[in-house]
Amino acid sequence: MYDLIVIGAGPGGMDTAVAATKKYEKILLIEKDQIGGTCLNRGCIPTKSIAQSARILHDIRRASIFGIECDKSFPSLERIIERKNQIVNELRNNTSTLLKQIEFIKGEAKISAHGTVVVNGEEYNTRRILIATGSQPAMLNIPGREFALTSDQLLENKHLPEDMIIIGGGVIGLEFASIFNTLGVQVTVVEYCKEILPTFDRDIAKRLRMALTKKGIKFITDARVTEIIDKTTVEFEKKDKRETVEAEMIIMAVGRKPVFPDGLESIGVEFSYKGIQTDDNQETNVKGVYAIGDVTGKCMLAHFATAQGKRMLGENINLEVVPSVVFCEPECSMVGLTEEQCHERGIQYTIKKGFFRANGKALCMDETEGMVKMIIGLNDMKILGVHIYGPHAADLIAEPAIAISQGLTVSEIAETIHAHPTLNEIISQIANG
């Protein structure tokens, strides 16, 4: 009898299984594919590896700004993919030390009864089941969708096309758009909503779109894709008119959908196409059965899955404050409420902004494009949301995340000394302004 069986060895499942050794004695972790889940094998890590290659190419091309002359440079997508695979393999191998603390089985799990999981024809009994089976790329239900590559397929592609169309202007779509634009591909992004990054603050999204447009990326927004024709043509409706755009390669990046293990219905777990329903402690309607990560459909981010696992184990962690990052060029990040959400909730607020063009470190880096937007509650002057686009936005969002999670006021940020010259001085300068 196991104390806990975890189905799925992505960041959420693996981290929770290892952390659970402090609370439970006998733990079983099951994974049907590769250790690390989507994040390590087909998501976060692979895309950041490729993005870094694009970043290096970008820096080489502008080296003369810093007084350095370089020979002509060109990307080798084959070598970029090889490096990506090396990094993934190294991190995957590193997980072996973690798994020594628990029992691990490779195979597809099925929940056959309450407290019983079947893997490779063998039954395993447990007091608790944690479902962490993740997600997979979603596809629009349109004719010709089979001609589009998913993000999974694109990460293994070693051919650099002359041009490409990316259907979807969310996080995944923009990261790929930025990467391939830097690698010399003519990129067109077709987005259903009126603005890219629909879950982000519109002010930031608009500024980021303008910055990416200057780099040569074409955006078609407020457009509903209706068909993919002959592998190279995307048909869409915009303002009641049908139009088309053509490219050598088409990418489908319209989000992800949960992957459910077999047997949920048999034990009565409530779920829909959006995800498995859980309470605040990640328990489903069936006692002793829990779910975390993408399969819950709440927030499809690796760090959120790990945080949900901590909550499931009884840790006091704030699941309401979740930073989100887009690793494009320039980077974009956010945490807390957007201005639109404040409007919807009737919250009185004020806004403070700071621009990288006035930051000494940004000037030294020659990366002055971007801004930080801070939303502050008028009643108590607590920080409600912070939105960043600009250099190292992914790293800069950590301080605002702590501030919002701990309910800090803008004056408490202002009273904290920030090192000079650094990019995060902009947070201090906004607070003091």
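Residues numbered from 1 in each chain as written. Predicted model: local features only at pLDDT ≥ 70, side-chain atom pairs only at ≥ 80, totals over all residues. Heavy atoms only, no water.

Time to look at the sheet that holds strand 5 (residues 116-119). Remark on secondary structure: sheet strands pair via backbone hydrogen bonds, oriented parallel or antiparallel. Taking strand neighbours across the sheet as the criterion, the three strands line up as 4-5-6 in an open arrangement whose pairing is antiparallel. Single-partner strands in this sheet number two, and they are strand 4 (109-113) and strand 6 (122-125). Averaged over all pairs of adjacent strands, the angle between strand axes in this sheet comes to 35 degrees, irrespective of strand direction. (Pairing = 2+ DSSP bridges. Helix = DSSP H or I, 4+ residues; strand = E, 2+ residues; numbered from the N terminus. Axes fitted to C-alpha atoms, helices over the stretch in contact; angles between N-to-C directions.)

This part is about helix 13 (residues 398-405). Listed as buried for helix 13 are P400, A401, A403 and I404. One face of helix 13 carries all of its buried residues, which in axial projection span an arc of 165 degrees. Elements in contact with the buried residues of helix 13: strand 21 (331-336), strand 24 (383-390), helix 12 (393-396), helix 14 (410-414) and helix 15 (425-432). (Buried < 20%, exposed > 50% of the residue type's maximum accessible area, 1.4 Å probe, protein only. Arc of directions from axis to C-beta. Contact = heavy atoms within 4.5 Å.)

Generally speaking, nonpolar side chains in soluble globular proteins are found buried as a group. Counting residues in each nonpolar core, the largest one holds 39 residues, and the members touching the most others are I166, F180 and V187. Taken together, the elements giving at least two residues each to this core come down to helix 3 (44-61), helix 4 (77-99), strand 9 (163-167), helix 6 (171-182), strand 10 (186-190), helix 7 (202-214), strand 15 (249-252) and strand 21. The residues contacting I166, other than those within four sequence positions of it, are G173, F176, A177, V187, T188, V189, V190, I251 and A253. Core analysis: the next-biggest nonpolar cluster, separate from the first, contains 26 residues, V386, L396, I426 and I427 among them. (Core = buried A, V, L, I, M, F, W, Y, C linked by side-chain atoms within 4.5 Å.)

Another aspect to go through is the pairing of strand 10. Taken across its five residues, strand 10 has four buried, putting it largely inside the fold. Bridge analysis of strand 9 against strand 10 gives five bridges, and the strand direction is parallel. Opposite D163, over in strand 10, you have Q186 as the bridge partner. The parallel pair strand 9 and strand 10, bridged by helix 6, forms a crossover whose chirality is right-handed. Summarising the sheet, strand 10 and strand 11 (residues 218-220) pair through three bridges and their orientation is parallel. Among the inter-strand pairings, V190 is bridged to a residue of strand 11, identified as I220. For the segment spanning strand 10, helix 7 and strand 11, crossover handedness is right-handed. (Right-handed = clockwise from strand over helix to strand, strands pointing away.)

The subject of this paragraph is the pattern of salt bridges. This structure, assessed with the given rule, holds 20 salt bridges. A salt bridge links R209 to E195; the shortest N-O distance between them is 2.7 Å. Remark: E195 occurs in the loop between strand 10 and helix 7 and R209 occurs in helix 7; sequence separation between them is 14 residues. Its relative accessible area of 15% is what places E195 among the buried residues. When the shortest N-O distance is used, the salt bridge between R242 and E235 registers 2.8 Å. The exposure class assigned to E235 is buried, which follows from its relative accessible area of 13%. Each of R55, D59, R62, E329, D366 and E367 takes part in salt bridges that share partners, so that together they form one network. (Salt bridge = Lys/Arg side-chain N within 4 Å of Asp/Glu carboxyl O.)

On to the packing of aromatic side chains. Within this structure, the stated rule accounts for three aromatic pairs. Consider the rings of F176 and F180, whose centres lie 6.4 Å apart with planes at 40 degrees: the pair is tilted. Of the two residues, F176 and F180 are both situated in helix 6; the distance of four residues between them amounts to about one turn of the helix. Residues F176 and F180 agree in their burial class; the two are buried. A centroid spacing of 4.8 Å and a plane angle of 50 degrees characterise the contact between F260 and F271, whose relative ring orientation is tilted. Placement of F260 in the loop between strand 16 (256-258) and helix 8 (264-267) and of F271 in strand 17 (residues 271-272) is noted, with a sequence separation of 11 residues between them. Under the relative-accessibility criterion, F260 is labelled partly exposed at 25%. Positioned above the aromatic ring of Y2, the side-chain terminus of K26 is 4.8 Å from the ring centre. Its guanidinium or amino end placed over the ring of F355, R357 lies 4.4 Å from that ring's centre, counting from NZ or CZ. (Phe/Tyr/Trp six-rings, centres within 6.5 Å; stacked < 30°, edge-to-face > 60°. Lys NZ or Arg CZ within 6 Å of the ring centre and 35° of its normal.)

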